Amino acid sequence: MLNQLRKDNPLIICITNDVVKNFTANGLLAIGASPAMATEKLEMEEFLRHAGALLINIGSIEAGDIDNMMSAAKFANQHDVPIVLDPVACGASKFRKDFCLKLLGTYDVAVIRGNASELQALIGDASMKGTDADTSLSTETVARNANKQFGCAIVVTGKTDAICVDGKVSLIDNGSELLTKVTGGGCLLGAVVASFIYNETKPTLEVLTEALTTYTVASEFAEKSPNGTLPGHFAVHLIDQLYSIQESDVAENRLVKEV
């Protein structure tokens, strides 16, 4: 899938966190996708006619953003463009949670990607301090419950990442702790997931597993690079590793268990 992604260079529309736009765009370019950080609803349908996927990340959402996000989701559904929703800190405020539930209740979303606290907040209740995740939550359990409730693919990140599609789960034990020490580690992952599922409104467990293992193995390589244990160097090395990583690297280093 990675080689095909690089060959096809899909357009990924990113309505995302103001803090991470540059990092996200560079990460997508590195892995082989074509990012567009478009947000205006007046041009959204024209962009989405040519897009492979749409990322909606609510990291810096304001009331004035809701109409643009909802319009983008509407046009994405009309043109069979898969949507990845990143419900950043949706357990921290009623405003965020209410918007995510409204979007999920109105339009078809292909993947929800978040940490365990974010997904738990969507399916029930969870308190959060900003984007912090409750490490006592089981990512597998949260992924299964969210998949059952929303009917779409679920990606829950944590010490062990969990992906659930149609009740089937992959657990992934790759990754670097430094992803939590730089702004945009999770946000970029949402965009990478979008790039892997381009044109697939019903992504498979296999494709999502490849997306996550590609990203997490690249993060391990970044940490092992010169000065890679320092957050600033790590962020740069992560972009470099997304550019250079090969399918064979992922196959040799991935730690995946299907349960």
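Residues numbered from 1 in each chain as written. Predicted model: local features only at pLDDT ≥ 70, side-chain atom pairs only at ≥ 80, totals over all residues. Heavy atoms only, no water.

Caption draft 1: Here's a closer look at helix α7 (residues 139–150). With 12 residues, α7 extends 16 Å between its outermost C-alpha atoms, agreeing within 8% with the 16 Å of an ideal straight helix rising 1.5 Å per residue. Looking only at α7, the buried set comprises Thr139, Val142, Ala143, Ala146 and Asn147. Projected down its long axis, α7 carries its buried residues within an arc of 130°, all on one side. Residues of α7 that are buried sit in contact with α6 (116–123), β6 (153–157) and β7 (161–165). Glycine 151 sits one or two residues past α7 and shows a positive phi near 75°. (Helix = DSSP H or I, 4+ residues; strand = E, 2+ residues; numbered from the N terminus. Expected span 1.5 Å × (residues − 1). Buried < 20%, exposed > 50% of the residue type's maximum accessible area, 1.4 Å probe, protein only. Arc of directions from axis to C-beta. Contact = heavy atoms within 4.5 Å.)

Caption draft 2: Examining the sheet that holds strand β4 (residues 83–86) more closely. One open sheet holds the nine strands; their spatial order is β2-β1-β3-β4-β5-β6-β7-β8-β9, and the pairing between them is mixed. Every interior strand has two partners, whereas the edge strands, β2 (34–36) and β9 (256–258), have only one. Here the strands of the sheet are splayed against their neighbours by 20° on average, with no regard to which way each runs. Judged from the five bridges that link them, strand β5 (residues 111–115) and β6 form a sheet pairing that is parallel. When the sheet's bridge partners are listed, asparagine 115 is paired in β6 with threonine 157. (Pairing = 2+ DSSP bridges. Axes fitted to C-alpha atoms, helices over the stretch in contact; angles between N-to-C directions.)

Caption draft 3: Structural detail: the pairing of strand β1 (residues 11–15). Of all five residues in β1, five are buried; the element is thus mostly enclosed. Residues Leu11, Ile13 and Ile15 point to one face of β1 and Ile12 and Cys14 to the other, with burial holding for every one of them. Bridging between β1 and β2 involves three bridges; their strand directions are parallel. Residue pairing in the sheet places isoleucine 12 in a bridge with proline 35 of β2. Both β1 and strand β3 (residues 53–57) contribute to a ladder of four bridges, which runs parallel. Opposite isoleucine 15, over in β3, you have isoleucine 56 as the bridge partner.

Caption draft 4: Spatial organisation of the layout of surface pockets. Estimated volume of the second largest pocket: approximately 230 Å³. Lining the second largest pocket are 16 residues, and of these Asp108, Val109, Ala110, Thr201 and Lys202 sit closest to its centre. A class-by-class count of the residues in the lining of the second largest pocket yields 10 nonpolar, three polar and three charged. (1 Å grid on protein atoms, 1.4 Å probe; cavity = no way out; pocket = protein on both sides within 12 Å on 5 of 7 lines; lining within 4 Å. Points joined across faces, edges and corners; volume = space filled by probe spheres on them. Nonpolar A, V, L, I, M, F, W, Y, C, P; charged D, E, K, R; others polar.)

Caption draft 5: How the structure looks around the pattern of salt bridges. Per the stated rule, a full pass over the model turns up five salt bridges. The salt bridge partner of aspartate 67 is lysine 41, with a shortest N-O separation of 2.4 Å. Taken together, the positions of aspartate 67 in helix α4 (residues 66–78) and lysine 41 in helix α3 (residues 41–48) put the pair 26 residues apart, joining distant regions of the chain. Its relative accessible area of 32% is what places lysine 41 among the partly exposed residues. Glutamate 140 is paired through a salt bridge with arginine 144; the nearest N and O atoms lie 3.2 Å apart. Here glutamate 140 and its partner arginine 144 are both found in helix α7, four residues apart, which amounts to about one turn of the helix. The exposure class assigned to glutamate 140 is partly exposed, which follows from its relative accessible area of 25%. (Salt bridge = Lys/Arg side-chain N within 4 Å of Asp/Glu carboxyl O.)

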